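# Architecture and fold: a report
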There are 6 protein chains.
Amino acid sequence: MTDIVRADGRTPDQLRPVVIERGWSAHAEGSALISFGGTKVLCTASFTAGVPRWLTGKGKGWVTAEYAMLPRATNSRNDRESIKGRVGGRTHEISRLIGRALRAVVDTKALGENTIVIDCDVLQADGGTRTAAITGAYVALADAIEWGRAKGHVPKNAKALIDSVAAVSVGIIDGAPMLDLAYVEDVRAETDMNVVVTGRGLFVEVQGTAEGAPFDKRELDALLELGVAGCADLREAQTSALGE
Amino acid sequence: MTDIVRADGRTPDQLRPVVIERGWSAHAEGSALISFGGTKVLCTASFTAGVPRWLTGKGKGWVTAEYAMLPRATNSRNDRESIKGRVGGRTHEISRLIGRALRAVVDTKALGENTIVIDCDVLQADGGTRTAAITGAYVALADAIEWGRAKGHVPKNAKALIDSVAAVSVGIIDGAPMLDLAYVEDVRAETDMNVVVTGRGLFVEVQGTAEGAPFDKRELDALLELGVAGCADLREAQTSALGE
Amino acid sequence: MTDIVRADGRTPDQLRPVVIERGWSAHAEGSALISFGGTKVLCTASFTAGVPRWLTGKGKGWVTAEYAMLPRATNSRNDRESIKGRVGGRTHEISRLIGRALRAVVDTKALGENTIVIDCDVLQADGGTRTAAITGAYVALADAIEWGRAKGHVPKNAKALIDSVAAVSVGIIDGAPMLDLAYVEDVRAETDMNVVVTGRGLFVEVQGTAEGAPFDKRELDALLELGVAGCADLREAQTSALGE
Amino acid sequence: MTDIVRADGRTPDQLRPVVIERGWSAHAEGSALISFGGTKVLCTASFTAGVPRWLTGKGKGWVTAEYAMLPRATNSRNDRESIKGRVGGRTHEISRLIGRALRAVVDTKALGENTIVIDCDVLQADGGTRTAAITGAYVALADAIEWGRAKGHVPKNAKALIDSVAAVSVGIIDGAPMLDLAYVEDVRAETDMNVVVTGRGLFVEVQGTAEGAPFDKRELDALLELGVAGCADLREAQTSALGE
Amino acid sequence: MTDIVRADGRTPDQLRPVVIERGWSAHAEGSALISFGGTKVLCTASFTAGVPRWLTGKGKGWVTAEYAMLPRATNSRNDRESIKGRVGGRTHEISRLIGRALRAVVDTKALGENTIVIDCDVLQADGGTRTAAITGAYVALADAIEWGRAKGHVPKNAKALIDSVAAVSVGIIDGAPMLDLAYVEDVRAETDMNVVVTGRGLFVEVQGTAEGAPFDKRELDALLELGVAGCADLREAQTSALGE
Amino acid sequence: MTDIVRADGRTPDQLRPVVIERGWSAHAEGSALISFGGTKVLCTASFTAGVPRWLTGKGKGWVTAEYAMLPRATNSRNDRESIKGRVGGRTHEISRLIGRALRAVVDTKALGENTIVIDCDVLQADGGTRTAAITGAYVALADAIEWGRAKGHVPKNAKALIDSVAAVSVGIIDGAPMLDLAYVEDVRAETDMNVVVTGRGLFVEVQGTAEGAPFDKRELDALLELGVAGCADLREAQTSALGE
């Protein structure tokens, strides 16, 4: 497997260059512009004291996420969802995935009655936008929680973040498992999987889909192993960006 | 594990009673009313000669699916999506899942330039609606393809269905893996997974989510094993309904 | 007139077979799956203690209805209104008709500050869906009121239902008045009328439309007579289903 | 009955003052600003050569109608449907009624492949807006057909209009049948009926609703008689406006 | 410049005939049907005691406006925005312009916590609809404020209206500046400008657009001068309509 | 006037630092990330051979623009227009302004039957987003036209761009005219104006609004002079970015 060289020169188990510009936004309480190679996602975290009415008085906070793509983030232009007048199924699905991934590492009791909305806007897309979004969103989330703590909204010693979280795509191309697929690889993959893994190496989400032929247990295992290793590398990039 | 008795008396690896009323609809080219215990889904397959304009002339057919729930399918009433004016994220996500699952066992070239739309309407919900929908939709799809063959739209010897497909939910409750979760079990599950498996035992889709604590590889493996076995049982129910 | 034999063998003044499966839904406070021949409508009544804000404190309850059709209830598939993003004029019109028909037999003061929403979902359509919906909805409504009484929301001796209500379509085909039109008859009718009649034989609603040539008073009278007799038969089916 | 004097001094069988300003619009091919007392409706008919694609080549024309109300046509302001983003059920229902009423007097074959869209916009509402709309729309329609004939779109001798049509509301107030209800009467009516009648005195549409107690055959007959007489008076106003 | 004679016989600096029918609506607290030649706009002002929640308790009132056009106000029919399901950009833009123009002459503190909504519905369009709307809306607004004062909602001596406001279009056609463009002139204009001017002759809004070639400062000055003079004439028509 | 020092140290006639990152996008045929101080707008130009159907065969091209803002571009988060299901009035108005500004410098005949869509997405907002968008969009447009020429879609010697265009905001604060208002200045401005000026110094658009007191001709002249000078500076930044 290690002899395979990919179009961009990577080995099968190698991530694309990952860059995290923490604090990109002047306004948001937490933010990161993250790149996985040509994929660039702007993640902002908006902290608001208080929770939606249906949560009031339960002593718990709320974390949610919205994902979207600029019309010309992709190779050909897509119509805006605001103009179509509705949010598409893919957008909804990814927004929900990001929200679940982040909530898996938040102790909403420790967060207190505060709301954090994470926006992940894809400025440029080259495969793996949802996994880049989760990985960058974690950095924005961590900073927004610290902002809330500094302002006295989040209790001083509350451990609101119980773990970190990152995500990466894996897939089988020409029979070989590959990490962090670029767009040209993604369209050729027989099986496509996204794994969301915590800093401790546990799974938050595993979503594998046969795009071509169905896959067997052995292939699934190979993909999971690759994904876990990739998320460990992403965890390092997060740690370094956060200066931990 | 085998000593655990569930609220409805099942063992952990036991499906709820599965009933498939094939040909329920007088109008559709294929149909099945499927029950997984208290979950009842009406699946209809609508066959149309021809394909959407963007596919014309490529010699390939098209299979798609739409999932929805009646407002009082659940324990308390939900507003209709037609009245809200938009399809929710969960609905979109499940519709896309069903469509992908079915397309995985269709050879669209063999189907020829024909379109099949599968509607899965949940009349009553008690957990596992998306997996019941996929399992019933396969029966409706098989009949619609035969209808198309009988009418001369699908070539006589074309093997449009290359495999069968079924789906089941699995989850970890109080640390124990369980098959085919009813609603009361679903809300308590720490990890929740849907597996879509072909008649040959290969994976089409694996979607696992940590609802509570993240899960490890060992738990994932136990859930997959349970899911594969459950889908084999569902395959038998399909075979019997189709009189194969 | 009595010598005419219809396509399905009925006499002009004969209903199609009427079947009412009371309590079809495991979740709803009242429900009925009603068939008028090939027309099948699932009627559920959802009881909620309390009324919408604009009615609060007036000591009156609220009854409303929503009608919809599954996409493949008809001979060819219709797009879902949830996907079109708006409820069509026909759907609105029938929902309003059902609501008015039911409210005509409810004493909202006796009902107390409670809300009942009736959902009428057409699973299969073969003419007369709105009249089947009204007739079945009455059964679901009656059970939901009794449920509310058993739970203590509706006062014990309050006569919330002041009469029963049923509905049937009538029409003129080839110059002859006919009761309870099936779809193939409906499309050929020169005049089409829906009558909503109480158990006491009084009119709640009369809606007659010239589809072809305008009609005169004599024809109108013949249709009304037929409709009143048909509703009396439907009243018996309701009584029997409710075990009164 | 003739001793009853109504709030505005009318006898029970008397219309409010009817004024038809034919040709109000400088742009439309036919138009009329019609008043039934305080109710003022601007009716415009837009003639287009050709028909919608689904009708092409069938040698038939198409007539349709849209009804709407200005936000402050009523005593208190209503939000615009354009801003709410959807057309309400009442609007849909009335638009459909107007369209059916007009099509009942048009021979679409004689009209040829031409389309006429009638817009009925209520500038001021005081009861009976839908009946005023139908009565005024007929005048606009007649002029639009003549315009089409003058321009050579409608064959010279084709009798596209086979009859005239008018409409009026009737109702029972304090037990007495009344013609052409003003708003203050409408809200008090126990039974409310709209009748659409051709110039020859035949029914196109009869829509009677029990707003309070259900009604019997005798009351129905009294209302119909009143409505037919009222429509005959309206026919005269139309004739006079059209200078026939 | 004075030698130029326009299609309708006007001189370049002459308004079309302006007619203001004050109090056209029986229901609105203030209203005016205004004509600028063939352009007819119905302006109604709806006065409501109280303000939207976000303004409550600030001691200030709120004035807003909505502009719309009947489908056949123009030479060919436009689809209704209610049916398209959304308000177009042009409609939004003009509504916002009218609102700003009116608020510029209202002292919201003196108005007290009251809301006035101005509806400007174009019944017939022949150029300059937005400027006619502003000019007529001022008359409706003035009457609505007096109504509020008479009812005791607006303090007796509060000077809620601090100035009057009117608007007119100007443009350059074949190199010559022209006042109050009719539709046939508007489509030919190289530069098109709308000016909103108070009774004291100050600018509230200046919106100039090069439709053809860009314009220079000298042309801009000529247009502004013409616009200010036109608004002074409109101010007289307002004064006369209001009987001031 | 020159003695006034602004919050950020600028003189009244000084622009904020202007940075134009030409070719920011890997996918678009032309692009620029432009900053006016803290305002950052990503402008992409999408070139498509061919025109919308209604323009086909007229030998003319089409240029249009869409403006939008990321939810957290501003100091507090705004809901997404895609989720609200409609595009707001402000968004529409600015999109239309940008489109008009660009079309003013394009010879659509020379462009040939090609379409260019400009997307201006505000990543961070600090006042002047629409003027930054126009200024950056011109750079993206110029590059997209060159791309079209290189690919042979635009004739080699056709002068499709007949001039350049830039825009800037000006306003009166505490009685003093100021150039290029930052957000904190914008909210305090008594009069707010946007001027769109070509490279030759002619006006394409002048939009002045009294936010507080109405303004007079002298103030208007001072603002225009400031705006023209500011646009000349922006023209230099464009020239330098384009390497002309």
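So, how was this worked out
- Residues numbered from 1 in each chain as written.
- Chains lettered and ligands numbered in written order.
- Predicted model: local features only at pLDDT ≥ 70, side-chain atom pairs only at ≥ 80, totals over all residues.
- Heavy atoms only, no water.
- Helix = DSSP H or I, 4+ residues; strand = E, 2+ residues; numbered from the N terminus.
- Rg over C-alpha atoms; globule rule 2.2 N^0.38 Å.
- Contact = heavy atoms within 4.5 Å.
- Areas by Shrake-Rupley, 256 points an atom, 1.4 Å probe, with all protein chains shown as cover.
- Lys, Arg positive; Asp, Glu negative; His and termini not counted.
- Charge placed at Lys NZ, Arg CZ, Asp CG, Glu CD.
- Patch = residues over 30% accessible without salt bridge, like charges linked within 9 Å, V, L, I, M, F, W, Y side chains within 5 Å.
- Salt bridge = Lys/Arg side-chain N within 4 Å of Asp/Glu carboxyl O.
- Buried < 20%, exposed > 50% of the residue type's maximum accessible area, 1.4 Å probe, protein only.
- Buried area = accessible area lost by both parts, 1.4 Å probe.
- Polar contact = N/O pair within 3.5 Å; in protein donor to acceptor, adjacent residues only side chain to side chain.
- Expected span 1.5 Å × (residues − 1).
- Pairing = 2+ DSSP bridges.
- Axes fitted to C-alpha atoms, helices over the stretch in contact; angles between N-to-C directions.
- pLDDT = per-residue confidence, 0-100.
- Least-squares fit on C-alpha atoms with pLDDT ≥ 70 in both.
- UniProt positions renumbered as here; feature names shortened; annotations may be inferred.

## Brief notes about the overall build of chain A
Across its full length, chain A holds 6 helices and 9 strands. Expected size for 244 residues packed as a compact globule is a radius of gyration near 18 Å; at 18 Å, chain A falls within 12% of this value. Sequence separation of at least 24 residues holds for 69% of the intrachain contacts in chain A that already meet a minimum separation of 6. Here chain A displays about 9300 Å² of accessible surface, and carbon together with sulfur accounts for 49% of that area. Across chain A, 28 positive and 32 negative side-chain charges occur, with their mean positions spaced 8 Å apart.

## Comments concerning a nonpolar patch on the surface
Residue and element names in this part refer to chain A. Taken together, the side chains of Tyr183, Val184 and Val187 define a hydrophobic patch exposed on the protein surface, amounting to about 310 Å² of accessible area. Relative to the helices and strands, Val184 resides in helix H5 (residues 183–186). By relative accessible area, Val184 is classed as exposed at 53%.

## Focus on the interface of chain F and chain A
Note: interface size is frequently given as the accessible area lost on complex formation between the parts. Across the boundary between the two partners, chain F contributes 34 residues, which contact 34 residues of chain A. When chain F packs against chain A, the two sides together hide about 2700 Å² of surface, and 52% of this comes from carbon and sulfur. Linking chain F with chain A are 12 salt bridges. For the salt bridge of Asp121 of chain F with Arg80 of chain A, the shortest nitrogen-to-oxygen distance reads 2.9 Å. The tally of links between chain F and chain A comes to 22 residue pairs in polar contact (both at pLDDT 80 or more).

## Focus: helix H6 (residues 217–242) of chain B
Residues and elements named next belong to chain B. With 26 residues, H6 should reach 38 Å at 1.5 Å per residue; the first-to-last C-alpha distance of 37 Å fits that figure. For H6, every residue scored as buried is listed here: Leu220, Leu223, Leu224, Leu226, Gly227, Gly230, Cys231, Leu234, Gln238, Ala241 and Leu242. Looking one or two places after H6, you find Gly243, whose phi comes out positive at around 65°.

## What to know about the sheet that holds strand S9 (residues 203–210) of chain D
The 8 strands lie next to each other as S7(C)-S6(C)-S8(C)-S9(C)-S9(D)-S8(D)-S6(D)-S7(D), forming an open sheet whose pairing is antiparallel. Two strands close off the open sheet at either side, each with one partner strand: strand S7 (176–179) of chain C together with strand S7 (176–179) of chain D. Neighbouring strand axes in the sheet, compared pairwise and without regard to direction, differ in orientation by 15° on average. Here 5 bridges tie strand S9 (residues 203–210) of chain C to S9 of chain D, and the two strands are oriented antiparallel to one another.

## Comments concerning the sheet that holds strand S4 (residues 62–69) of chain C
Residue and element names in this part refer to chain C. Overall, mixed pairing links the 5 strands, which are arranged S1-S2-S3-S5-S4 in an open sheet. For this open sheet the edge positions go to strand S1 (18–22) and S4, each flanked by a neighbour on one side alone. Strand-to-strand twist in this sheet, taken as the mean axis angle between neighbours without regard to direction, amounts to 15°. Where S1 and strand S2 (residues 30–36) come together, 5 bridges link them in antiparallel fashion. Across the sheet, the residue bridging to Ile20 is Ile34, located in S2. Across the sheet, helix H6 (residues 217–242) is in contact with S1 and S2; its angle to S1 comes to roughly 30°.

## What to know about the confidence of the model for chain A
Per-residue pLDDT for chain A averages 95, and the proportion of residues at 70 or more is 99%. The complex model carries a pTM of 0.90, and its ipTM stands at 0.94.

## Details of the environment of Glu66 of chain B
Structurally, the position occupied by Glu66 of chain B is in strand S4 (residues 62–69). Taking the relative accessible area as the measure of exposure, Glu66 of chain B reaches 17% and is therefore buried. In this structure, the C-alpha to C-alpha distance between Glu66 of chain B and Asp119 of chain B, residues 53 residues apart in sequence, is 4.9 Å. Those residues in contact with Glu66 of chain B that sit more than four places away from it in its chain are Ser95, Ile118, Asp119 and Cys120 of chain B together with Arg77, Arg80 and Ile83 of chain C. A polar side-chain atom of Glu66 of chain B sits 2.8 Å from a polar atom in the side chain of Arg80 of chain C.

## Side note on the relation of the copies chain F and chain A
Once chain F is rotated about the relating axis by 180° and shifted along it by 0.0 Å, it coincides with chain A to within an RMSD of 0.0 Å. Seen this way, the second copy is the image of the first under a two-fold rotation axis. When C-alpha positions in chain F are compared against the rotation axis, the closest is assigned to Ser82 of chain F, at 1.8 Å. Counting the interface residues of chain F, we find that 100% of their copies in chain A are interface residues as well, pointing to one common contact surface.

## Observations regarding the pattern of salt bridges
According to the stated counting rule, one finds 132 salt bridges over all chains in the structure shown. Between Arg188 of chain B and Asp174 of chain B there is a salt bridge, with its nearest N and O atoms 2.4 Å apart. With Arg188 of chain B in the loop between helix H5 (183–186) and strand S8 (191–198) and Asp174 of chain B in the loop between strand S6 (165–173) and strand S7 (176–179), this residue pair connects regions lying 14 residues apart in the sequence. Residue class for Asp174 of chain B comes out exposed when judged on its relative accessible area of 61%. Notably, a salt bridge pairs Asp180 of chain F with Arg10 of chain F, separated by 3.7 Å at the nearest N-O pair. Taken together, the residues Asp180 of chain F in the loop between strand S7 (176–179) and helix H5 (183–186) and Arg10 of chain F in the segment before strand S1 (18–22) connect sequence positions 170 residues apart. Residues Asp180 of chain F and Arg10 of chain F agree in their burial class; the two are buried. When salt bridges that share partners are traced, they join Arg6, Asp8, Arg10, Arg16, Asp126, Asp180 and Glu185 of chain A into one network.

## Focus on the UniProt feature "domain: Exoribonuclease phosphorolytic" (unreviewed entry) in chain A
Residue and element names in this part refer to chain A. Listed under "domain: Exoribonuclease phosphorolytic" (unreviewed entry) in the UniProt record, and renumbered for this structure, are residues 14–144 and 164–229. Regarding residues 14–144, the helix share stands at 30% and the strand share at 32%, and the terminal C-alpha atoms are separated by 30 Å. When the span residues 164–229 is considered, its composition is 26% helix and 44% strand, and the gap between its end C-alpha atoms is 15 Å.

## A word on the side chain of Ser169 of chain C
Residues and elements named next belong to chain C. Among the secondary structure elements, Ser169 is positioned in strand S6 (residues 165–173). Taking the relative accessible area as the measure of exposure, Ser169 reaches 4% and is therefore buried. If we skip the residues at most four places from it in the chain, Ser169 touches Thr131, Met178, Leu179, Asp180, Leu181, Met193 and Asn194.

## Some words on the UniProt feature "binding site: phosphate" (unreviewed entry) in chain A
The feature "binding site: phosphate" (unreviewed entry), as given by UniProt, occupies Arg90, Gly128, Thr129 and Arg130 of chain A in the numbering adopted here. A maximum C-alpha distance of 13.5 Å is found for the annotated residues, which run over 41 residues; spatially they form one tight group. Position of Arg90 of chain A among the secondary structure elements: in helix H2 (residues 89–103). Residue classification places Arg90 of chain A among the partly exposed positions, given a relative accessible area of 32%. Aside from chain neighbours lying at most four places away, what touches Arg90 of chain A is Tyr67, Met69, Thr129 and Arg130 of chain A together with Arg96 of chain B. Of the polar contacts made by the side chain of Arg90 of chain A, one reaches the side chain of Tyr67 of chain A; its length is 3.2 Å. Looking at the element boundaries, Gly128 of chain A is found in the loop between strand S5 (114–124) and helix H4 (129–150). With relative accessibility at 17%, the residue Gly128 of chain A sits in the buried group.

## Some words on H2 of chain A
Helix length check: H2 of chain A, at 15 residues, gives a terminal C-alpha distance of 21 Å against a target of 21 Å (1.5 Å per residue), a fit within 8%. Those residues of H2 of chain A not exposed but buried are Gly89, Thr91, Glu93, Ile94, Ser95, Leu97, Ile98, Gly99, Arg100, Ala101 and Leu102 of chain A.

## Some details on unusual backbone geometry
Its identity is not glycine, yet Asp174 of chain A carries a phi of approximately 50°, on the positive side. In the Ramachandran plot, Asp180 of chain F falls in the positive-phi region, its phi being about 55° despite a non-glycine side chain.

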